[in-house]
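Structural characterization, general
Residue strings, one per chain:
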Amino acid sequence: MGVLDVVPAGVLTGDNVRKLFDYAKENKFAIPAINVTSSSTANAVLEAARDIKAPIILQVSQGGSAYYAGKGLANDNQQASILGAVAAAHHIRTVAKAYGVPVVLHSDHCAHKLLPWFDGMLAADEAYYKEHQEPLFSSHMLDLSEEPKEENIATCVKYFKRMAPIGIWLEMEIGITGGEEDGVDNTGVDNASLYTQPEDIYDVHAALSAISPNFSIAAAFGNVHGVYKPGNVRLQPELLGKHQSYTSQKLGGKSEKPLYLVFHGGSGSTKEEIKTAVDHGVIKMNVDTDTQFAYLAGIRDFIFKRKDYLITQVGNPDGADKPNKKFYDPRVWVREGEKTLTARVKEACSDLGNVNRL
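Here's a quick rundown of the structure. None of the values given here were measured: they were computed from a predicted structure. (Residues numbered from 1 in each chain as written. Predicted model: local features only at pLDDT ≥ 70, side-chain atom pairs only at ≥ 80, totals over all residues. Heavy atoms only, no water.)

A few words now on the overall build of the chain. The helix and strand tally for the chain stands at twelve helices and 13 strands. Relative to the 2.2 N^0.38 estimate, which gives 21 Å for 358 residues, the radius of gyration of the chain is 21 Å and therefore close to what a compact globule would have. Each principal axis of the C-alpha distribution contributes one length, and for the chain these read about 80 × 50 × 45 Å. The 358 residues of the chain split such that 56% are buried. Residue pairs in contact within the chain that sit at least 24 positions apart in sequence constitute 70% of those at least 6 positions apart. For the chain, the exposed area adds up to about 15500 Å²; of that, 52% sits on carbon and sulfur atoms. Put simply, the chain has 37 plus and 44 minus side-chain charges, and the middle of one group is 6 Å from the middle of the other. (Helix = DSSP H or I, 4+ residues; strand = E, 2+ residues; numbered from the N terminus. Rg over C-alpha atoms; globule rule 2.2 N^0.38 Å. Buried < 20%, exposed > 50% of the residue type's maximum accessible area, 1.4 Å probe, protein only. Contact = heavy atoms within 4.5 Å. Areas by Shrake-Rupley, 256 points an atom, 1.4 Å probe, with all protein chains shown as cover. Lys, Arg positive; Asp, Glu negative; His and termini not counted. Charge placed at Lys NZ, Arg CZ, Asp CG, Glu CD.)

Spelled out as structure tokens, the structure:
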């Protein structure tokens, strides 16, 4: 039995998201969540998933959403980020089924100061639900890890009560992911904040499970956004096993792995660290830094290789009157970035055991 025996191709919502994550947990693999900033990057990610027969998660960040709408738009009230996220969602929904893979359509880190962006996406979900009986997005993330635990949980509960009835999965974060990403800078946080305690995880589970089972927790185990030299980041994925055990015991031991866990700051992690995290119930791992570089690599290499064909519109080593349109056409050089991005997404899927799963 494969994933397509459990859920359909295309964008998933409601209980189908949980069914996908249950299948992943039971079969000990996880699904990479790739940040997309354009139709080009979104299509490349979907292409990779199709080629290796795997489900995939596409996600937009607040800054990536604004870019999707256009950097020329004002974003003082998050209006460009809201518009771009909605535009990305509609594009992905339009093409996802054609690629024949299940897709989780997700929004990434939303800190307290970015809640107007979250509110705008949720309003779009509710409007879409009225017309289609399902939300626009599969899931959203609230990252209130910088707030006191009680406030973090209370805010998540408030939003989840609004999200659950229309079938939106909630991802929340407790404990801080270090480093800097998309304008959120946690490079100077106290080291202890990078490691979440089992008691905190259970408090989150107790509060959210009273509303719906459709939520996941990004627990900090030393995670840091970005890529660093080996030894500079001390990941302790074995802590995730302690979280599962503690919550399982509190719930009477009915399930060994009752938690749906998320791995943030996954770029640059060793394959052993990834395997340990997946063994302990991680069902989603964010990959952004590495895929950004991969997209650049194809374009960079094309320009280096064809630079003599890109200086002028006419005239190259083949002749002074030879046209260069077939080299500078964006469909040519952007496609080279898509190819290298697709290859890196396939690698991420392979690292997580997410190959030939359909």
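The subject of this paragraph is the pairing of strand β4 (residues 102-107). Taking burial as the measure, the six residues of β4 include six buried ones, the bulk of the element. Examined bridge by bridge, strand β1 (residues 10-11) and β4 share two bridges and lie parallel to one another. Of the residues in β4, the one forming a bridge with Val11 is Val103. Two strands pair when backbone bridges link them, and strand β3 (residues 56-60) and β4 are joined in this way by five bridges, in the parallel orientation. Counterpart to Ile57 in the pairing with β4 is Val104. Bridge count for β4 against strand β5 (residues 139-142) is two bridges, and the pairing is parallel. (Pairing = 2+ DSSP bridges.)

We now examine the environment of Val278. Relative to the helices and strands, Val278 resides in helix α9 (residues 271-279). Val278 gets classed as buried once you look at its relative accessible area, which sits at 9%. For the pair Val278 and Lys25, spaced 253 residues apart in sequence, the C-alpha to C-alpha distance is 8.0 Å. Beyond its immediate stretch of four places on either side in the chain, Val278 contacts Lys28, Phe29, Ala30 and Leu352.

Before going further, it helps to examine unusual backbone geometry. Even without being glycine, Lys53 reaches a positive phi, approximately 55°. Mapped onto the elements of the fold, Lys53 is located in the loop between α2 (39-52) and β3. By relative accessible area, which is 45% here, Lys53 ends up partly exposed. You will see that Asn356, though not glycine, has its phi angle at about 55°, which is positive. Looking at the secondary structure, you find Asn356 in the segment after α12 (330-351).

Of all six residues that make up strand β6 (residues 169-174), six are buried, and the element is covered over most of its length. The side-chain alternation of β6 yields two buried faces, one formed by Trp169, Glu171 and Glu173 and the other by Leu170, Met172 and Ile174. As judged from the four bridges shared by β5 and β6, these two strands associate in the parallel manner. Looking across to β6, one finds that Met141 is bridged to Glu171. Inspection of the sheet shows β6 paired to strand β9 (residues 215-219) by five bridges, in the parallel sense. Residue pairing across strands places Glu171 opposite Ser216, the latter belonging to β9.

Here we come to the side chain of Asp125. You can see Asp125 is positioned in helix α5 (residues 115-132). Look at Asp125: it is buried, it has no salt bridge, and the nearest opposite charge is Arg93 at 7.1 Å. Sequence-distant contacts of Asp125, that is, excluding residues within four places in its chain, are made with Glu134, Pro135, Leu136, Phe137, His140, Ile166 and Ile168. (Salt bridge = Lys/Arg side-chain N within 4 Å of Asp/Glu carboxyl O.)

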